[in-house]
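Structure assessment
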Amino acid sequence: MDGMSSNPIHLESRDASTLLQQKNERPSAATYATIQIKRKRLLWLRQIGSGIILDIRARVPWYLSDWTDAWNYRVVPATALIFFANVLPGIAFSLDLIETTEQYGVAEVLMSSFMVAFVFAIFGAQPLTIAGVTGPITVFNKTIFDILSRESHPPIYLHFIGWVYLWAAILHWITALLNFCNFLKYVTLFSCDTFGFYVSWVYLQYGIQVITRQFAPTSLNLVEEQGVLVSIILAILMLVTAYLFDSLSRTPYFHRHIRRFLADYGMPISLIASSGMAYWGRFNAANPLTLPTGRAFQAAGGRDWLVKFWELEGKWVGIAFPFGFVLWILFFFDHNVSSLMAQGSEFPLRKPPGFHYDFFLLGITTFLAGLLGLPAPNGLIPQAPIHTASLTVMGPSPKDEEDQGTSSRTQTQTHTQSSNNDRALDRHLNSPPDPTRRHRHEVPVSVVEQRLSNLAQGSLCLVLLTGPFLHLLHLIPRGVLAGLFWYMGAGALRANGITKKLLYLIQDKVLTSHNEPLHRVRKSRIILFVGVQLVGFGATFAITQTIAAIGFPVIIMLLLPVRTLVIPKLPFSREELAILDGPTASPFTMASVGGTL
């Protein structure tokens, strides 16, 4: 990262305050002159397309290393993990859309996931960001279908959706060309945590819906009742097994390589094992519902892959524009927030981002989705940060390394004063230093930043479209997908900032670390801050349960002015607000959009 900070191309997108803050020094005459030059160059940023150009210029020097760096074992578990975490929830999210509209099928979901993975892995500036079919886009498409179904003479659904996607794509391109992605500087943890909290509960809700949809409106016969019961058992088995593997990976038990294996492959193993249980003994006799699939590489209903949306009647073209505008709002927030979270400050990244250029590419994939009749893909939460976390290399922190070296020197220099109480005791007892210290405090050391894992998981989606693998996909019980939803939703909820603050409020202060920053925040202010976030979450979640669900992206986007205009006027001190909220990503990442708030 330090090496990147001195890159002249990268520095052009940084403002003067960021430069001085990183240097941590008062500007000399030469430094001040350099800053003035940078400011003049920054005026160039206001020109049309300049953000895209800077993103390309910053990323091109790293393109070759994006492929050579893939020669790393971390790519293998990352590909396996994100493949299962992407394609199966995408299909499960689309089940309601598939069964209700009959305009989409599993093939459309898989083709959409492959298309976006191919485009962003080969051409994208932020290949760590995982994109695919999300819950919000399925809610969006289904709501449009419900609205059109109320019309006496509705248009052809896919033709109308094609124009919706085209209008959204045009707005994407305008946004990228006019550098509107610079507004991401106003996206802080306040907005990301609120939206992430909403997505977590959407996952939990969909897990429940996967089970409840198996209850027919009429009374079930004995076999059907047994099938639903087995689905519930499989869902719980999937949740418990995956959570057990994840918990074991965080314990001191077994060798650290075994623990890392459980962290890498625990979820895929749980999914395969839980699916296998459906075909064992009396579970198999119950015949639980499985994923619906079609024919290999065939679109739903046997239609052609090309959607001739330009044949839509003129009046419906105009009506499609407001829907395209709402979709643009959703993708502007959803995709960019997932990119920010995939490049969060907790990850030691060294390669530059490119938000303007990637959002332009998202417009291309949105247009292609409408042209092919696919659900439009965009950035995934929580899959995107999960992908980066799976590529993170852990190791002892530099501080621990330094402490370890100091311990060795104290064995020969007995009169050297130690800054650590444990080491002082070791020296007093003439005992060797604790050899487990450096393994107990592992921290992220680096991230395998490459393009292969994204491309590989997308290519596996294309492989699933072949006949034999579609049959294997058809064997996965729906109950297992419900457990996968619960596992991913609970994991995202556990890591969310809102959850952490709520848990802090009920935590025994005697057992809370003295280094906890929230100690410096009044409890009433924590409650106030979290309360505002929960109101935003409640409004977003509530509107998605109504026919007005089409407007939920507007509620999400309103989080930005609430944070910028409302929160600073509430009775928070500057220090309290800095502790409760902060940038989603490091200044290194935020430099692409002009810095932070």
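Please read all numbers here as calculations on a predicted model, not as lab measurements.

1. Focus on the overall build of the chain
Looking only at helices and strands, one finds 29 helices and 4 strands in the chain. Taking all 597 residues of the chain together, 53% fall into the buried category. In the chain, of all internal contacts separated by at least 6 residues, the share reaching a separation of at least 24 is 84%. Accessible surface, the chain as shown: approximately 27200 Å² in total, 64% of it carbon and sulfur.

2. Looking at helix H17 (residues 383-390)
Of all 8 residues that make up H17, 6 are buried, and the element is covered over most of its length. Residues of H17 that are buried include every one of Gln383, Ala384, Pro385, His387, Thr388 and Ser390, and no others.

3. Quick word on the pattern of salt bridges
A pair can form between side chains of opposite charge whenever their charged atoms are brought close. For the structure on display, the rule yields 14 salt bridges. Here Arg303 and Glu108 are joined by a salt bridge, their closest N and O atoms 3.2 Å apart. On the criterion of sequence distance, the pair formed by Arg303 in the loop between helix H14 (282-286) and helix H15 (314-342) and Glu108 in helix H8 (residues 106-123) is long-range, its members being 195 residues apart. Of the two residues, Arg303 and Glu108, neither departs from the other in class, the shared state being buried. The partner of Arg260 in a salt bridge is Asp264, and the shortest N-O contact between them spans 3.5 Å. Of this pair, Arg260 and Asp264 both sit in helix H13 (residues 256-277), 4 residues apart, roughly one helical turn. What makes Asp264 buried here is its relative accessible area of 4%.

4. Brief notes about the confidence of the model for the chain
A residue-level look at the chain finds 84% of positions with pLDDT of 70 or above and a mean pLDDT of 81. Within the model, the stretch residues 1-37 combines pLDDT values under 50 with 46 contacts to residues more than four positions away or in other chains. In this model, residues 406-422 is a region of pLDDT below 50 whose contacts with residues beyond four sequence positions or in other chains number 13 contacts.

5. Concerning the nonpolar core
For soluble globular proteins, nonpolar side chains are generally found buried alongside one another. Residues Leu88, Leu110, Ile144 and Leu473 are the most contacted members of the largest nonpolar core, which totals 135 residues. If you tally residues by element for this core, the top one is H15, at 14 residues. Listed in part, the 9 residues of the second largest apolar core include Ala78, Leu128, Leu391 and Val448.

6. With respect to the packing of H15 against H17
Pairs of packed helices are described in terms of their axes, by the angle between the two and the distance that separates them. Contact pair H15 / H17: the axes reach a minimum separation of 8 Å and the direction vectors enclose 20 degrees. Accordingly, the angle class assigned to the pair H15 and H17 is roughly parallel. Seen along the crossing, H15 lies across H17 with a hand that is right-handed. Contact with H15, carried on its side by Ser338, Met341 and Ala342, involves Ala384, Pro385 and Thr388 of H17 and no other residues of that element. When grouped by side-chain class, the residues that make up the contact of H15 with H17 number 4 nonpolar, 2 polar and no charged.

7. Notes on the environment of Val447
Relative to the elements of secondary structure, Val447 occurs in strand S4 (residues 442-447). In this structure the C-alpha to C-alpha distance between Val447 and Leu391, which are 56 residues apart in sequence, comes to 5.6 Å. Ignoring any residue separated from it by four or fewer positions in sequence, one finds Val447 in contact with Leu128, Phe347, Pro348, Leu349, Thr388, Leu391 and Thr392.

8. Remarks on the packing of helix H7 (residues 75-101) against H17
Taken N-terminus to C-terminus, the directions of H7 and H17 make an angle of 170 degrees; their axes are 9 Å apart at the nearest point. If you check the angle between H7 and H17, you find them roughly antiparallel. Across the interface between the two elements, Ala78, Leu81, Ile82, Ala85, Asn86 and Pro89 of H7 pack against Gln383, Ile386, His387 and Ser390 of H17. Residues of the contact of H7 with H17, tallied by class, amount to 6 nonpolar, 4 polar and no charged.

9. Quick word on unusual backbone geometry
Here the bond from Ile381 into Pro382 is cis, since omega is 10 degrees, no more than 30 degrees from zero. Of note, the phi angle at Phe254 is positive, near 65 degrees, even though the residue is not glycine. Among the secondary structure elements, Phe254 is positioned in the loop between helix H12 (222-248) and H13.

10. Brief notes about the packing of aromatic side chains
Under the counting rule described, the total for this entry stands at 33 aromatic pairs. Centroid distance Phe325 to Trp328: 5.4 Å. Interplanar angle 40 degrees. Geometry classified as tilted. Placement of the pair is Phe325 and Trp328 together in helix H15, with a separation of 3 residues, close to one helical turn. Taken together, Phe195, Phe197, Tyr198, Trp201, Phe333, Phe537 and Phe541 form an aromatic cluster joined through their ring pairs. Sitting over the ring of Tyr504, Lys509 keeps its end group 4.8 Å from the ring centre.

11. Some words on H8
For H8, with 18 residues, the first-to-last C-alpha span of 26 Å sits near the 26 Å given by 1.5 Å per residue. Most of H8 is tucked away: 16 of the 18 residues are buried.

12. Considering a nonpolar patch on the surface
On the surface, a cluster of nonpolar side chains totalling about 530 Å² of accessible area is made up of Ile48, Ile174, Leu177, Leu178, Phe180 and Phe183. Residue position: Ile174 is located in helix H10 (residues 157-177).

13. Details of the side chain of Thr499
Looking at the element boundaries, Thr499 is found in helix H24 (residues 497-505). Take Thr499: its relative accessible area is 16%, and that puts it in the buried class. If near-sequence neighbours (up to four positions away) are discounted, Thr499 is found in contact with Phe197, Leu493 and Arg494.

14. So, the environment of Ser113
Along the chain, Ser113 falls in helix H8. When the C-alpha positions of Ser113 and Gly90 are compared, they lie 8.5 Å apart, and in sequence the two are 23 residues distant.

15. Concerning the environment of Phe283
With respect to the helices and strands, the residue Phe283 is situated in helix H14. Counting along the chain gives 54 residues from Phe283 to Leu229, while the straight-line C-alpha distance between them is 9.5 Å.

What counts and what doesn't
Residues numbered from 1 in each chain as written. Predicted model: local features only at pLDDT ≥ 70, side-chain atom pairs only at ≥ 80, totals over all residues. Heavy atoms only, no water. Helix = DSSP H or I, 4+ residues; strand = E, 2+ residues; numbered from the N terminus. Buried < 20%, exposed > 50% of the residue type's maximum accessible area, 1.4 Å probe, protein only. Contact = heavy atoms within 4.5 Å. Areas by Shrake-Rupley, 256 points an atom, 1.4 Å probe, with all protein chains shown as cover. Salt bridge = Lys/Arg side-chain N within 4 Å of Asp/Glu carboxyl O. pLDDT = per-residue confidence, 0-100. Core = buried A, V, L, I, M, F, W, Y, C linked by side-chain atoms within 4.5 Å. Axes fitted to C-alpha atoms, helices over the stretch in contact; angles between N-to-C directions. Parallel < 35°, antiparallel > 145°, perpendicular 65-115°, else oblique. Left-handed = near helix turned anticlockwise from the far one by under 90°. Nonpolar A, V, L, I, M, F, W, Y, C, P; charged D, E, K, R; others polar. Phe/Tyr/Trp six-rings, centres within 6.5 Å; stacked < 30°, edge-to-face > 60°. Lys NZ or Arg CZ within 6 Å of the ring centre and 35° of its normal. Expected span 1.5 Å × (residues − 1). Patch = residues over 30% accessible without salt bridge, like charges linked within 9 Å, V, L, I, M, F, W, Y side chains within 5 Å.

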